[in-house]
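Summary of structural features
What follows is each chain in one-letter form.
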Amino acid sequence: MNRLSVIGLQEEKDSLFEELMEFGAVELNDQSEKLLTKEWAQIAGRDGNEDEVSILDGHLSQVQAVLDMIDRFDTAKRPLLAVRKEVSRQKYEELLGSAKEAESEVGRLYALCERWNDAQTEQNMIQSAQASLMPWTAYDLPLELRETRNVYVRCGVIPAVADEEALRQQISEVSKESVLTVLGRDQEQQYLNLLYMKADAGSIMDILKTFGYAEAQFKDMTGTVSENLKKLDEQLEDVKKRQKELEEDFRRAAAEKERIQCYYDTVIVRRDKAKVSERLLKTKQAFYFDGWLPQNCKEQAKKILDAHDCWYEITVPDKGEETPILLQNASLVTPFETVTDLYSMPSSQEIDPTPIFSFFYFLFFGMMFADMGYGIILSGVCFAGLKLFKLEGLAYKLVKMLAFCGISTFIWGLLFGSFFGNIITVVSESFFGHGITISPLWFDPISDPMKLLVFSCIIGGIHLFIGLGIKAYLLIRDGQVLDAVEDVFVWYALLIGIVLLLFGGSIVPGRPDITGVLTEIGKWLAIIGAAGIVGLRAVRGKGIGRAVGLWNLYGATSWLGDVLSYSRLLALGLASAVIAQVFNALGGMLGHGIIAAIGFVIIAVIGHAFNFFINALGTFVHASRLQYVEFFGKFYEGGGTPFDPLKKNTKYVKIVKEEKL
Amino acid sequence: MSLGLALAVIGAAIAALAGVGSGIGVGIAGEAAAGVIAEDPKKFGQTLVLQALPGTQGIYGLLMAFLILTKIGMLGGTPVDLTWTQGLYLLACGIPVGVVGIWSAIAQGKTVAAGIMLIAKRPGELAKGMIYGAMVETYAVLALLISFLMYNAIQL
């Protein structure tokens, strides 16, 4: 990563940033801190274009709303995966047509959106009005009739638990002429109509209050309830019809979808370009920015800057300075950057661990999944996915990594003799009468698990030692040689020593002379290592810190845990193999004949699909975990910021140069 | 049927009990996931991945139960005449994966439920949620391994 500072003329600003966005390899820094220093504040001010940015943001959300509406009502089949479409510059211009026209089209459609939303609100209001009138359908007087010359006409509700008989009786006691009709009841309320003499109003109201009576609100409705309901129905029909028409409009607009998507992307690019100003400093005639540039893009960047008459400086960052991180690896390794991405970018002080662990990831994934059939499916599906969909970014890397891991799965399946578990054996036994077994190239871990356990732990030990080695490299690179000795090399001595001491006798069986020497070497290595761990700290530490070495020595126990953690390579490998066999065996129990064969196929397909998904997931998680916890734990911290260059961050189309298509 | 055979079948039953833990664990995670989906349906795939994690203990249990049943000839074979010592031995084989499975799956369910909450707020951190879940899973894997090694060491 190189640091880039540029001064240019205001009149070149637009065209320069247009080109830098196309170039896509320059990250701009925030400049607000500079303005806090006096020297900068005196000569330059903050550039900025917040108004335009917010206008464009508002516009973007309108375009998005239009696109959402089209998607909602468009009946055409949608692609399985949303990927950016690759188009040439010329095709893009063709699709977009004139931006002005596209804008007015979006304006027209957005107005339709609003009308549709209004209709939706109206529909809700009508429906709630209908719901409130429903209980009153039995009431056939006009709603506006509230009184006659001598009588009040009232509608209202009392709670469902209220005793309607008691109410009737109490009312008839004060006024014989009153009429109380119960129009209906539901779980919550009883709906009443009440006619009473004006003269009795006071006493009747008192009685009603004690029963929790509440007057019904009909707002300004006139006519009978059924008339009103009919009217509302008609209104609802009308609103629905309007919505249908609008929806039809959107369906027709689906033909314009691509154009609107292009327009959306145009607006995004315009917005991002307007946003650039926030990161610039300006004087009357000139602008200034600084930022980052990947080393290998230097020459191209120079060309662009020269063409726009800019003054610029490209420098190597100071030692220890934090820079944004861009992972750059060979194409075989690139997919495994997924694993690093998902953890954390390396800080600029660290090295990118991807090339080192990618081989182990490949290895571990295969060991834990270990089946020829599953490997073929995984690779097949992933390679097909890469071919059919133009995936980008993390999704692309992940799918490609899984495709590679499928190859590893196949290889380990071959070594362990597993093809959909033991499907060939079961099928040949059940349906052809004589069992065929595929013999493993290496050995069958189900019958000799201890061998694989030892192998797993050895591989794990190597993995961990490499991790520790990287730590030594980083320490030595930074000139801390003594730290490297204390943290790494004496540990190597101790651990190798212990391993030789314990297992040296079984490395070369039947040769006591050699094993004796090995054990002896192991003993001395372990002693040197332990002495180094305790002694170096005692010499280098201060005060009570001198004794820390003893505590560090105790850390050797964590190595036992770390190495045993790799036993999951065996356990998960067994899990996927044995469960595959379980399903085969279940299918095989059906017996012989055609029907049994059909049953077998059904059980095998469902069972293996299930086993495939659950174990692919488990394998992915545990292969990652071995990197994150065991391997990274030895040297890696991460915490770098990913490189985020100025570029055309479009959503729907990706404009590519002519020659690429 | 001999006592030994019955004991071995009990062992298989204990192993399969790991499914209790998985059921509870997956349930806990599912509750959390449904809450997140209510806010943002696009996260269905991510939450499903996390929800599936506590399901593995049940599978390990199934695996061990199946192995034991096959060894004693209860599945597609003639039942072996076990001594009660052999039966007790096979019963012991079922215990690690069954017992560890139950509690580790419940704990893992809680962990991934928290992970689901994590991706609700920070969609980019799925991997970290998964790793926290995998930390719990380790012990179920170790239990499966021990069960398997015990099982593998006996010849009938």
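Up top is the structure these notes are about.
Predicted model, so just to flag it, every value in this text is computed and none were measured. Each residue is numbered by its place in its chain's sequence as written, counting from 1. Just so you know, chain letters begin at A and ligand numbers begin at 1, following the order they were written in. In keeping with the predicted nature of the model, local features appear solely for residues at pLDDT of at least 70, side-chain atom pairs appear and are counted solely at 80 or more, and the whole-chain, interface and lining totals rest on all residues. Hydrogens and water molecules were not included; the side-chain quantities draw on all heavy atoms of the structure.

Okay, the interface of chain A and chain B next. Contact between two residues is taken to exist if any of their heavy atoms lie within 4.5 Å; hydrogens are not considered. Of the residues lining the interface, 30 residues belong to chain A; the matching set on chain B comes to 25 residues. Both faces combined, the contact of chain A with chain B buries some 2400 Å², and carbon together with sulfur accounts for 85% of it. We define buried area as the total accessible area lost by two parts upon association, computed with a 1.4 Å probe and summed across both. On the chain A side of the interface with chain B, the three residues burying the most area are Val 582, Leu 617 and Val 621 of chain A, jointly 18% of the side's total. Counting from the N terminus, the helices are the DSSP runs of H or I reaching at least four residues and the strands are the DSSP runs of E reaching at least two. Looking at the side of chain A that touches chain B, the elements that each hand over two or more residues are helix 11 (337–343), helix 16 (449–477), helix 21 (568–588) and helix 22 (594–635) of chain A. Three residue categories are used. Nonpolar comprises Ala, Val, Leu, Ile, Met, Phe, Trp, Tyr, Cys and Pro, charged comprises Asp, Glu, Lys and Arg, and polar comprises the others, including Gly. Its residues assigned to classes, the side of chain A that touches chain B shows 24 nonpolar, four polar and two charged.

Residue and element names in this part refer to chain A. Here four strands make up an open sheet; going across it, the order is 6-7-5-8 and the pairing antiparallel. Since the sheet does not close on itself, it has two edges, and those belong to strand 6 (179–185) and strand 8 (214–215), each with one partner. Strands in contact with helix 6 (residues 164–174) are strand 5 (151–159), strand 6 and strand 7 (189–197); relative to strand 6, the strand with the most contacts, it is inclined by about 165°. Helix axes are fitted to C-alpha atoms over the stretch in contact, other axes to C-alpha atoms as well, and angles between N-to-C directions run from 0 to 180 degrees. The strands touched by helix 7 (residues 201–210) are strand 5 and strand 7; relative to strand 7, the strand with the most contacts, the crossing angle is about 165°. In this description, strands pair whenever DSSP reports at least two bridges between them.

Turning our eyes to something else, we now look at the pattern of salt bridges. Criterion for a salt bridge: a side-chain nitrogen of Lys or Arg within 4 Å of a carboxyl oxygen of Asp or Glu. Applying the stated rule across the entire model yields 41 salt bridges over all chains. For Lys 43 of chain B, the salt bridge goes to Asp 40 of chain B, with nearest N and O atoms at 2.9 Å. It is possible to trace a salt-bridge network through shared partners that takes in Glu 18, Glu 22, Arg 89, Glu 93, Lys 273 and Lys 648 of chain A.

Our next topic: the state of the cysteines. The disulfide criterion is simple: two cysteine sulfur atoms within 2.5 Å. Scanning all chains against the criterion turns up zero disulfides over all chains. Sulfur of Cys 262 of chain A: no disulfide; nearest cysteine sulfur belongs to Cys 113 of chain A and is 19 Å away.

The next subject is the environment of Glu 39 of chain B. Residues and elements named next belong to chain B. Note on placement: Glu 39 falls in helix 2 (residues 18–39). Overall, Glu 39 belongs to the exposed group, its relative accessible area being 72%. The sequence separation of Glu 39 and Ala 120 amounts to 81 residues, and the corresponding C-alpha distance is 8.6 Å. Note on classification: 1.4 Å probe, protein chains only; a residue is buried when its accessible area is under 20% of the maximum for its type, exposed when over 50%, partly exposed between these limits.

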